[in-house]
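Residue-level structural notes
Residue strings, one per chain:
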Amino acid sequence: MALQKILNKVVANPTTHAKWLNTLSFMENAGARKISASEDKKNVSLIILKHAAEEHRHAYYLKKQIDKIATDLCPNYHDQYLLAPVASKYYLGLLDVKVCKYLKDTLNLKGQDLKFAAYLLVTYAIEVRADEIYPIYQNELSAAGSKVNVKSIIAEEEGHLEEMLAQLKTFSTDWEVHAKKAVEIEQELFNNWVNQLNLELAS
C-alpha cells in the first residue's frame, strides 16, 4: 500500500517524522476551525461542540508528540515545517468547496442549511480517511518502537465516525448517496496528497 510505504519512510527519519506530525496537527486544527465556522450562531449541538474541541485537542496532542522526537523542530505551520505543504493546506478547503458545489447542484441548499450539510459530509469523509490513516501510522510506530503514539486519537476518531453516521441518517433519507459522493471527492484529493508526499520524500 502506498500510504504504508510513505509512513515507513516517515517514521524512519526524525526530521521528516516531525514534519509529518506537524502536518497532521495542521490538518486537525484546520478541521476544528472548519467545524466552528460552520456553526449556527444559536443552534449549536453538544455533538458539534464536542467534535470541534476534540479536533483541537488532536492538533495540540500531535504537536506535543514532536517533542518525543526532538525539541524545536517544527515551531509553527509555515511551509518549511510541513510535508507536501500546498496539498496539505488546500486539502480540506478544496473538499469543502467541492462538496458545497455538489450540495448546491443536487439539493439546492444555501445559507446555514448548506453550511451544516457540508459540515456533515465533509466531516464524514475525513473521518472515514482518519480511520484508515491513523491505524496504519500506529502500526508503523509500534514496529519501529517509537515513543510517539496515536492510540487515543484512533479511539476518538472511531467515535466521531459513529456520531457523523447518526447525524447523516437524520439529515436525509438519501444520506448514503450523498456520503458516497463526498467520499469520492475526498479520494481524488487524497490521491493527489499521497502523490505529493511521494514526490517530496523521493527528492
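Summary of the structure given here.

**Describing the nonpolar core**
Formed by 34 residues in total, the largest nonpolar core has its most connected members in Trp20, Tyr134, Tyr137, Val150 and Trp193. Mapped by element, the contributors of at least two residues to this core are α1 (2-12), α2 (14-38), α3 (46-65), α4 (85-107), α5 (111-144), α6 (151-171) and α7 (175-202). Beyond its immediate stretch of four places on either side in the chain, tyrosine 134 contacts Leu24, Glu28, Leu62, Val150, Ile153, Ile154 and Glu157. Judged by nonpolar contacts, the second largest core, of 28 residues, contains Ala30, Leu95, Leu103 and Val122.

**Considering the packing of aromatic side chains**
Evaluation of the coordinates by the stated rule reveals six aromatic pairs. Relative to tyrosine 77, the ring of phenylalanine 26 lies with its centre 5.4 Å away and its plane at 75 degrees, an arrangement referred to as edge-to-face. Taken together, the residues span a long stretch of sequence, with phenylalanine 26 in helix α2 and tyrosine 77 in the loop between α3 and α4 at a distance of 51 residues. Accessibility expressed as a relative area gives 14% for phenylalanine 26, which makes it buried. Residues phenylalanine 116 and tyrosine 119 carry aromatic rings whose centres are separated by 5.8 Å and whose planes lie at 40 degrees to one another, so their mutual orientation is tilted. Taken together, the residues phenylalanine 116 and tyrosine 119, both in helix α5 and three residues apart, mark about one turn of the helix. By relative accessible area, phenylalanine 116 is classed as partly exposed at 32%. Overall, tyrosine 119 belongs to the buried group, its relative accessible area being 5%.

**Digging into a nonpolar patch on the surface**
Taken together, the side chains of Val86, Tyr90 and Leu94 make up a nonpolar region of the molecular surface, amounting to roughly 310 Å² of accessible area. Position of leucine 94 among the secondary structure elements: in helix α4.

**Points about the pattern of salt bridges**
Under the criterion given, the structure shown has nine salt bridges. One continuous salt-bridge network, built from bridges that share partners, spans Lys50, Glu54 and Glu163.

**Some details on α6**
One turn of the α-helix equals 3.6 residues, which is why residues spaced by three or four share an orientation. In a regular helix each residue adds 1.5 Å, so 21 residues correspond to 30 Å; α6 covers 31 Å between its end C-alpha atoms and thus fits that length. Those residues of α6 that sit buried are Ile153, Ile154, Glu157, His160, Leu161, Glu163, Met164, Gln167 and Leu168. Of the surrounding secondary structure, the elements contacted by the buried residues of α6 are α2, α3, α5 and α7.

**Some thoughts on unusual backbone geometry**
Despite not being glycine, aspartate 72 shows a phi value in the positive range, around 65 degrees. Tracing the backbone through its elements, the reader meets aspartate 72 in the loop between α3 and α4. You will see that alanine 84, though not glycine, has its phi angle at about 45 degrees, which is positive. With respect to the helices, strands and loops of the structure, alanine 84 is situated in the loop between α3 and α4.

**Section: the layout of surface pockets**
Put simply, the largest pocket is a space of about 520 Å³. In terms of lining residues, the largest pocket is bounded by 32 residues, among which Met27, Gly31, Leu92, Val122 and Ile126 are the most central. With 11 residues, the top contributor of residues to the lining of the largest pocket is α5.

**A closer look at the environment of lysine 63**
Here lysine 63 shows up in helix α3. Along the chain, lysine 63 and asparagine 76 lie 13 residues apart, while their C-alpha atoms are 9.3 Å from each other. Look past the residues within four positions of lysine 63 in its chain and what remains in contact with it is Asn22, Ser25, Cys74, Pro75, Asn76 and Tyr77.

Conventions we followed
Residues numbered from 1 in each chain as written. Predicted model: local features only at pLDDT ≥ 70, side-chain atom pairs only at ≥ 80, totals over all residues. Heavy atoms only, no water. Core = buried A, V, L, I, M, F, W, Y, C linked by side-chain atoms within 4.5 Å. Buried < 20%, exposed > 50% of the residue type's maximum accessible area, 1.4 Å probe, protein only. Helix = DSSP H or I, 4+ residues; strand = E, 2+ residues; numbered from the N terminus. Contact = heavy atoms within 4.5 Å. Phe/Tyr/Trp six-rings, centres within 6.5 Å; stacked < 30°, edge-to-face > 60°. Patch = residues over 30% accessible without salt bridge, like charges linked within 9 Å, V, L, I, M, F, W, Y side chains within 5 Å. Areas by Shrake-Rupley, 256 points an atom, 1.4 Å probe, with all protein chains shown as cover. Salt bridge = Lys/Arg side-chain N within 4 Å of Asp/Glu carboxyl O. Expected span 1.5 Å × (residues − 1). 1 Å grid on protein atoms, 1.4 Å probe; cavity = no way out; pocket = protein on both sides within 12 Å on 5 of 7 lines; lining within 4 Å. Points joined across faces, edges and corners; volume = space filled by probe spheres on them.

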